[in-house]
Each structure stands twice: as structure tokens, then as C-alpha cells.
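# Remarks on the overall topology
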Amino acid sequence: MLPIATYGEAVLRQVAAPVTVFDSELHQLAEQMLHTMQQANGVGIAAPQVHRSLQLFIMASNPNPRYPTAPIMAPQVVINPQILQASEQMVAGEEGCLSIPQQRCQVMRHQAIEVKYQDLSGEWCQEWLEGFIARIFQHEFDHLQGITLKERAT
Ligand SMILES: O=C(O)C[C@@H](Cc1ccccc1)[C@H](O)SCc1ccccc1
Ligand SMILES: [Zn+2]
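What you see is a predicted model; the values in this text were computed from it and never measured. (Residues numbered from 1 in each chain as written. Chains lettered and ligands numbered in written order. Predicted model: local features only at pLDDT ≥ 70, side-chain atom pairs only at ≥ 80, totals over all residues. Heavy atoms only, no water.)

## Some points on the site of ligand 1
Near ligand 1 there are 17 residues, and of these V43, G44, Q49, L98 and E140 occur at the shortest range. With respect to ligand 1, the side chain of H139 contributes an N or O atom lying 3.1 Å from an oxygen atom. Note that an oxygen atom of ligand 1 is positioned 3.4 Å from one of the side-chain N or O atoms of H143. Starting from 480 Å² of accessible surface for ligand 1 in isolation, the protein chains cover 98%. One can see that ligand 1 is located within the largest pocket. For the shell around ligand 1, a count of residues per class yields 5 nonpolar, 7 polar and 5 charged. (Near = heavy atom within 4 Å. Polar contact = N/O pair within 3.5 Å; in protein donor to acceptor, adjacent residues only side chain to side chain. Areas by Shrake-Rupley, 256 points an atom, 1.4 Å probe, with all protein chains shown as cover. 1 Å grid on protein atoms, 1.4 Å probe; cavity = no way out; pocket = protein on both sides within 12 Å on 5 of 7 lines; lining within 4 Å. Sits in = over half its atoms within 2 Å of the grid points. Nonpolar A, V, L, I, M, F, W, Y, C, P; charged D, E, K, R; others polar.)

What follows is the structure, given as C-alpha cells:
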């Protein structure tokens, strides 16, 4: 379990630096983030939340009390992400944040987004995401820009 930064800590307000070295240390960080997220019953976690200002996050949708119909997906490591396109259509949904414990906010997100990112081996991936998975991506992507759901709450 890595210590999780809480709202107000500077690391959560910084724009994270791009990842340039895909070495065993990066793999180890991703592993530790995955365990930290799973311990906290999260569906995502971003490197700044574990005090590492790097453009890296993990998204791992699975059904949970708030999103019982959420798809089950294997945890995906997302590195140096870009959002290429976003649907006009927005959807409201309840979000939580590991850095803002005990709080839930209604947040508007794009229903669908086209994204491009590197995986742990540095390979580029490009795909469309929608629904809850798109929501997680946008929430974690915000963390890499120093934005939390407090700034997004409706
Ligand atoms: O703080 C984080 O980045 C992890 C959040 C991610 C999240 C993204 C979008 C919508 C909800 C949460 C944690 O998963 S907070 C725990 C949680 C899990 C499912 C639904 C709501 C809250
Ligand atoms: Zn968060």
C-alpha cells in the first residue's frame, strides 16, 4: 500500500511529467499502484495520488454499489494519455476520489471519448471508450492535469 495524497497537497495540483523511461522501476510502480487501488476498492488510481507526478494511471472498471452494471475489465495501465475526440453528449454520474475520502460528487463527463496512450511496454494504443470506462479515464486524466472532482463537481 502506497500512501495516498489527500486534497490540498501540492502534488495533486501539478501537471504531471511525461513518462520517457519504460523500465522495471516503472513496472514496479504500476504494480504497487494496482495493489493500493485494489485495497481501497477503487476503479482507478493516478500516479500523482501516490505522490509521483508522472503521466501514468490505472483504470479497472468492475461492478460496484454505485455502478452495478459497470463492465468487468482487466486493469489497464495508461501512460502519456491524450484525448483525441469527445462526444457532444455529456452524462451526469456520481464519482468518488481516493484523495477526497468520504465525499461523493455529481460530475458531468463526455459519454464517449477517443483516446491514445502507451502501455507498460511503450506500445501506442488508440481506442474509443464510452460510459463508465470513459468516466474513469476522464477522472484519472484530470488528475494528470492537476484537476480533481472538486473542481468538476456540478
Ligand atoms: O480517486 C481516483 O482516481 C479513484 C476513483 C476513481 C473513480 C472514477 C470515476 C468514477 C468513480 C471513481 C475511485 O475509484 S473512488 C471509489 C469509487 C469506486 C466506484 C464508484 C465510485 C467511487
Ligand atoms: Zn480521484
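After that view, the rundown keeps rolling.
## Things to note about the environment of Q102
Relative to the helices and strands, Q102 is located in the loop between β4 (90–95) and β5 (105–110). Relative accessible area serves as the criterion here: at 79%, Q102 is assigned to the exposed category. With 22 residues separating them in the primary sequence, Q102 and N80 have C-alpha atoms 29 Å apart. (Helix = DSSP H or I, 4+ residues; strand = E, 2+ residues; numbered from the N terminus. Buried < 20%, exposed > 50% of the residue type's maximum accessible area, 1.4 Å probe, protein only.)

## Structural notes on helix α2 (residues 131–144)
The end-to-end C-alpha distance of α2, which contains 14 residues, comes to 20 Å, matching closely the 20 Å that a straight helix rising 1.5 Å per residue would cover. A large share of α2 lies buried, amounting to 13 of its 14 residues. With its phi angle positive at about 80 degrees, G146 sits one or two positions after the end of α2. (Expected span 1.5 Å × (residues − 1).)

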